[in-house]
Amino acid sequence: MDKMPSWTLKFQEAFRDSETLSNFLGWKTSEKVTKIYPVFIPRDLAQRMKDEGQNGVLAREFFPDEAELIDQGYLDPIGDKKFNVAPQIIHRYPNRVLFTATSVCPVHCRYCFRKNELSPNDEIFETDFEKTLNYLREHSEISEIIFTGGDPLTLTDAKLDRTLEAFSKISHIKDIRFHTRYPAILPERIDEGFVGLLNKWSRHFRTISLAVHANHVKEFSCASKSALKLLAGARIQLLSQTVLLKNVNDSEKALTELMEFFVDHKVRPYYLHHPDQVRGGMHFYLSLEEGRSLYHSLRKNLPGWAIPQYVIDVPGGHGKIPAANPEAHSYSGNLLSLSGETISISEPHAQV
Ligand code: SF4
């Protein structure tokens, strides 16, 4: 029998009940919170979180907080559901689709816009996969498949390989993209086997991109840096993805350091997302004005090629638009005019 890769063991050993986590950290968790939004934290990350302390950035991002009970925000803040056209497929933009490969993640981020859909151990992979393929075959305008989740790297290399093979047989699919938190959170997932898989399929697809999701330099351990080094040697585009979060990275210093870290590790700054109005995550929310002021400060500190695009997913399924260019969309205070409709993007909403 094949030896299990080390990351799967680390995944299995992760803290997934609040009592064991509380005992390890010596911090109290609120059961009221974890009953609704469970915990899932790999042990190495929990150790780093403990070392940093309960008021640290890592605790803020991953440790349950009573503020998650605030009765505001949307269950589906970016309106994905109405674009869920086939099993595991969200088709919002003509030429690209999201493929939700799994609902399992290597950590439960307390701010996540999918926090109301995550599962600790239940894969949805291969649910009606033939229907998924049929949809893709019938839509020749689709050229890119974006693997999302949960976190798509939770799938084993063998499953990813089979999936990529199936997609490779659809001639109009040219580009593949992965969005993942593994390099920062459970970096052992990035091993020679995975890089070999990327290199193998890079010969077939026009591009393979991997977007590293991280919000603060403190997320990266020594093992994360080794993982990024491995990825930098692969035949792929390495991109970054960051969510702007109140009391985590909402400072000029934190954002500048993070972008410099990405550049140092050959990751191209790609996206800075304005936070979504997610139910259970409204304590991370900040206004568009604050976000834009921080973003403009990046321009002073970094060259243009090291600055990510600052984007906002407009509530209600209106899609992603630039958040920094007042000339591109008409903003007035907290209101945005889009296609004749006026939408509030800073006022916290009651649950929808
Ligand atoms: S890993 Fe991604 S999908 Fe999973 S909880 Fe974190 S942000 Fe959400």
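Everything below is about the structure shown above.
Keep in mind that this is a model prediction, so the values were computed, not measured. (Residues numbered from 1 in each chain as written. Predicted model: local features only at pLDDT ≥ 70, side-chain atom pairs only at ≥ 80, totals over all residues. Heavy atoms only, no water.)

With that settled, consider the layout of surface pockets. In this approach the atoms are scanned with a rolling probe the size of a water molecule, which exposes any empty space left behind. Of the pockets and cavities examined, the largest pocket occupies roughly 900 Å³. Lining the largest pocket are 45 residues; nearest its centre among them are Phe113, Arg114, Thr148, His179 and Gln241. At the level of elements, strand S2 (89–93), strand S3 (96–100), strand S4 (144–148), strand S5 (175–180), strand S7 (237–243), strand S8 (268–273), strand S9 (309–314) and strand S10 (319–322) are the ones that each hand at least two residues to the lining of the largest pocket. For the lining of the largest pocket, a count of residues per class yields 23 nonpolar, 12 polar and 10 charged. (1 Å grid on protein atoms, 1.4 Å probe; cavity = no way out; pocket = protein on both sides within 12 Å on 5 of 7 lines; lining within 4 Å. Points joined across faces, edges and corners; volume = space filled by probe spheres on them. Helix = DSSP H or I, 4+ residues; strand = E, 2+ residues; numbered from the N terminus. Nonpolar A, V, L, I, M, F, W, Y, C, P; charged D, E, K, R; others polar.)

Next up on the list: the sheet that holds S8. Strands in a sheet are paired, the pairing made by backbone hydrogen bonds, and the direction either parallel or antiparallel. Across the sheet, 10 strands lie side by side as S1-S2-S3-S4-S5-S6-S7-S8-S9-S10; this open sheet has mixed pairing. Where the open sheet ends on each side, the last strands, each with one partner, are strand S1 (84–86) and S10. On average, adjacent strands in this sheet sit at an angle of 30° to one another, irrespective of strand direction. Sheet topology note: the S4/S5 ladder contains four bridges and is parallel. Looking across to S5, one finds that Glu144 is bridged to Asp175. Packed on one face of the sheet, helix H12 (residues 288–301) meets S8 and S9 and runs near 165° to S9. (Pairing = 2+ DSSP bridges. Axes fitted to C-alpha atoms, helices over the stretch in contact; angles between N-to-C directions. Contact = heavy atoms within 4.5 Å.)

This paragraph deals with the site of the ligand. Around the ligand, the neighbouring residues are Cys105, Val107, Cys109, Cys112, Leu118, Gly150, Arg181 and His213. When each cavity is represented as a set of grid points, the ligand is found to reside in the largest pocket. Looking at the shell around the ligand residue by residue, the class counts come to five nonpolar, two polar and one charged. (Near = heavy atom within 4 Å. Sits in = over half its atoms within 2 Å of the grid points.)

Evaluation of the coordinates by the stated rule reveals two cavities of 30 Å³ or more. Volume-wise, the largest cavity comes out at about 50 Å³. Forming the boundary of the largest cavity are 10 residues, of which Pro275, Asp276, Gln277, Asp313 and Pro315 lie nearest the centre. Within the lining of the largest cavity, the residues separate by chemical class into seven nonpolar, one polar and two charged. Space inside the second largest cavity adds up to approximately 30 Å³.

This part is about unusual backbone geometry. Here the amide bond leading from Gly149 into Gly150 is cis, since omega sits at 15°, within 30 degrees of zero. Non-glycine residue Gln88 carries a positive phi angle of around 70°. Looking at where Gln88 falls in the secondary structure, it is placed in the loop between S1 and S2. We classify Gln88 as buried; its relative accessible area is 7%. Positive phi, normally seen in glycine, also occurs at Asn247, with a value near 65°. Inspection of the secondary structure assignment puts Asn247 in the loop between S7 and helix H11 (252–264). Classification of Asn247 by relative accessible area gives partly exposed; the value is 48%. (Buried < 20%, exposed > 50% of the residue type's maximum accessible area, 1.4 Å probe, protein only.)

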